[in-house]
Each structure stands twice: as structure tokens, then as C-alpha cells.
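Below are the chains, spelled out letter by letter.
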Amino acid sequence: MTSQEPVLTALHRAVPDRVPVNYHANPGIDSRLKAHFGLAREDAEGLRCALGVDFRGVYPPYRGPRLHADDLARGVVANEWGIRRRWIEHSSGGYWDFCDFPLRDADEDTIARWPLPSPDDYDYEAVRGAARRHAESRFAVYLGGAGVCDIINGNGMLRGMEQTLVDLAGDDPAGLLLARRRVEIQLEILRRSLEAASEWIDFLWIGEDLGTQIGPLISLELYRRALRPLHRQFVDLARSHGLPVMVHTCGSSSWVYEDFIEMGIAAVDTLQPEARNMSPEYLKQKFGGRLAFHGCISTAGPVERGTVAETVAYGRRTLEIMMPGGGYCFAPTHELQDDSPTENVVAMYETARRWGAY
């Protein structure tokens, strides 16, 4: 099988010839992996080939005007949505930290006037070219990613997490308007992307973080009232093009999987094994055959804190649980962390290649 075939087979909950593999990482460990394989720092494609990664993602780049100013004196940068971040160094690398939350106290009128990007200002020829190039190389091509459609995190980056949850629980008009405006724009961006490139796209990837480590972030009733109708629009768009949908959900999120199944979602991503009701055994027993799985390899477990031998044993055990009956994609739960030893990450992917064949 090519890269595309095992991914599509797994997403349809069937048995491929081998488990497909994916990769996401923070900049520090990403740079160390490239050095390990003798690659240039900018050679992202070379690294994915070295690791045996089957997935390639596409999304149209923004080409429009600057809508929000940076605050370079404070090291703060803003994107086209007005989300503000600053780079935070730590002992093993660094990360972009969301900050300021400019709409935290905004009323409905302020949010109605907040500059947001126009779908006209995204480059759909670029997404068409990238999707075609990856498809011709026989990779599995997805449109979107974990941050697409994510209402809680997306609103939270502008209003703060506390206010966002209050908005949802109390049906606050300002917060709900922000969610609707963002969703309308993202849906149109995806619609135009699919018009340009659907023949080379294999599935749509969306996200919504719904759990803490110990339980749900919101109630099932609140999910069904406030979020499910918005998520359903993305699922319906994908299905109108005959594409399956994978949804990223952090933390303890299996409580909502029955709703995902009802909506027609094909696969769930992340699968943090440390979180409540998220162990591989639990997921496979309860949802195997009804959902495909992408993830399960914890970025806070042996890959980060263990030895090479412990990493290999952990990866093999996960494969033993998740492989039977098909429907599993081997991937880290989140971006691999900068404090993960390089040799552990290399061993993680060698484990998938060595023991991931059916």
C-alpha cells in the first residue's frame, strides 16, 4: 500500500497492511530530529519521509491586509484574527504563549465590529497546488487541522478561557456572536478550499477540546445545545464532498463520542491515555469498529520521561491493543515536547515501522 491507502483504510475502520503513522512536534525537538537525520533546519518534508509519516496537511495561506498590529516592544505578535502571542523560552526550547485576550470584556457591539479576515483573502490556488502535489506523491492529504472549528479554544484565545466557558453556560450574546462569526468564516474558507482541491483531499480534520485530565470540560447537555450544531455544519460540508471527518479532542472526551458517531464523524484524534476513560483498552472496547483512532502515544509518558527500552515497550503495547480489527493510526497525542530525548522519539517511530505491520 502507498501512504494514502493505509490511512483511508484505517479511517474506514478496516485493516490496512500496516498501521499508518503521523507526526507533530514543537520546534526544539523538531530541529534535533532534523539534525539527527542530517537534514537542513527547513527540511520539514525530509524529516517526515525519514520518520515514515503518511499524512500531509493543507490549508490556504492568508494573503490579506494586516488587520491587527503587533506590539514588538513587548514581543507580542497578532495574527489576522487578532489572537496575540509571545515567545516564551524554557530550558529545552520554547513555545508561543497566548496573551492579552483583547475581547475579554467586549460587548456584542464591539465583537460585531472586531476585524476578522475575509475568505476572499486566502490563497486557494496555493492549497490546490499543495494538495495536488502531496496526492501525486500518494500521501494521505487532509484539509484543516486540530484548530479548525475549535470554538472553545478559538474564542478562548480572544476572550480568555474563563469568559468563554461563562459565555457558553450563560448563552452570552457577545461570546456566541464571536463563535458564529468565526465559524461562518472558517466554513467559507473550507468550502472554497474544497471547491479548489477536493479531488486531492482525503479527509477533513477539525477540533474541539472538550475534557480536562479528570473529566468533561462542559456538560453533554451544553455540548448539544451550544457546540454540536456548529460542529455539524463542518461535518455536513465534508460529507457533501464524500470526505470523512476526524476530530481532535484533548483530555477526557470519550463522553461525547456517541454524539460524534451520530453526526457521522469517522475518527477521533489525540486520545490522551492518562485522562479519565481514555485508555487504549477502554476506547477499543467501547468504540472499536464504530470510530477510527488517531493518537494514543502520550507526549507526557515514556517518550518524554522514559528510556529507549521503555518507549519501545510502550509503543508495542499500544499497538497490541489498538491494531486488532484495524482502524488505528499511530501518532503522538499532541505535539512532541522539546524535553523529549531525541533517541526516544526516533525509537517511537522505529517501533511503529517494526511492529505496525499486520
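Rules of the game
Residues numbered from 1 in each chain as written. Predicted model: local features only at pLDDT ≥ 70, side-chain atom pairs only at ≥ 80, totals over all residues. Heavy atoms only, no water. Phe/Tyr/Trp six-rings, centres within 6.5 Å; stacked < 30°, edge-to-face > 60°. Helix = DSSP H or I, 4+ residues; strand = E, 2+ residues; numbered from the N terminus. Buried < 20%, exposed > 50% of the residue type's maximum accessible area, 1.4 Å probe, protein only. Lys NZ or Arg CZ within 6 Å of the ring centre and 35° of its normal. Axes fitted to C-alpha atoms, helices over the stretch in contact; angles between N-to-C directions. Parallel < 35°, antiparallel > 145°, perpendicular 65-115°, else oblique. Contact = heavy atoms within 4.5 Å. Nonpolar A, V, L, I, M, F, W, Y, C, P; charged D, E, K, R; others polar. Polar contact = N/O pair within 3.5 Å; in protein donor to acceptor, adjacent residues only side chain to side chain. Pairing = 2+ DSSP bridges. Left-handed = near helix turned anticlockwise from the far one by under 90°.

Some thoughts on the packing of aromatic side chains
How two aromatic rings sit relative to each other is given by the distance of their centres and the angle of their planes. Throughout the structure, instances matching the rule amount to 12 aromatic pairs. Taking the centre distance of 5.6 Å and the plane angle of 35 degrees together, the rings of Tyr-142 and Phe-203 count as tilted. Of this pair, Tyr-142 sits in strand β5 (residues 140–144) while Phe-203 sits in strand β6 (residues 203–207), placing them 61 residues apart in sequence. Judged on exposure class, the residue Tyr-142 and its partner Phe-203 are both buried. The rings of Tyr-223, Trp-255, Tyr-257, Phe-260 and Phe-287 are connected pair by pair, giving a single aromatic cluster. Here the guanidinium or amino end of Arg-56 rests over the ring plane of Phe-139, the centre of that ring lying 3.6 Å away.

Comments concerning the packing of helix α2 (residues 27–36) against helix α14 (residues 342–355)
The interhelical angle for the contact between α2 and α14, taken along N-to-C directions, is 75 degrees, at an axis separation of 10 Å. Taken together, the axis directions place α2 and α14 in an arrangement best described as roughly perpendicular. Only Thr-342, Val-345 and Val-346 of α14 make contact with α2, whose side of the interface consists of Ile-29, Arg-32, Leu-33 and His-36. Looking at side-chain class alone, the contact of α2 with α14 contains 4 nonpolar, 2 polar and 1 charged residues.

Quick notes on the side chain of Arg-228
Assignment of secondary structure puts Arg-228 in helix α9 (residues 220–240). On the accessibility criterion, Arg-228 (18% relative accessible area) is buried. Within polar-contact distance, the side chain of Arg-228 engages the side chain of Glu-262 at 3.2 Å. Apart from the residues lying within four places of it in its own chain, the contact partners of Arg-228 are Tyr-223, Asp-259, Glu-262 and Met-263.

Some thoughts on the sheet that holds strand β10 (residues 328–332)
Reading across from one edge, β1-β5-β6-β7-β8-β9-β10 is the order of the 7 strands in this open sheet, with parallel pairing throughout. The sheet is open, and its two borders are formed by β1 (55–58) and β10, each paired with just one other strand. For this sheet, the mean angle separating the axes of adjacent strands, direction not counted, is 30 degrees. In terms of strand pairing, strand β9 (residues 292–297) meets β10 through 5 bridges, oriented parallel. By the bridge assignment for β10, Cys-296 is matched with Ala-331.

Here we look at the packing of helix α6 (residues 151–159) against helix α7 (residues 161–170)
α7 packs onto α6 with a crossing angle of 125 degrees between their chain directions and a minimal axis gap of 7 Å. Taken together, α6 and α7 sit at an angle that is classed as oblique. Crossing hand, α6 versus α7: right-handed. Contacts between α6 and α7 pair Ile-152, Asn-153, Asn-155, Gly-156 and Arg-159 from the former with Met-161, Gln-163, Thr-164, Leu-165, Asp-167 and Leu-168 from the latter. For the contact of α6 with α7, a count of residues per class yields 4 nonpolar, 5 polar and 2 charged.

Remarks on the sheet that holds strand β4 (residues 93–99)
In space, the 3 strands of this open sheet follow the order β2-β3-β4, with antiparallel pairing throughout. One side of each edge strand has no neighbouring strand; the edge strands of this open sheet are β2 (76–78) and β4. Averaged over neighbouring strand pairs, the angle between their axes works out to 35 degrees when direction is ignored. Two strands pair when backbone bridges link them, and strand β3 (residues 84–90) and β4 are joined in this way by 7 bridges, in the antiparallel orientation. Counted as the bridge partner of Ile-88 is Tyr-95 from β4.

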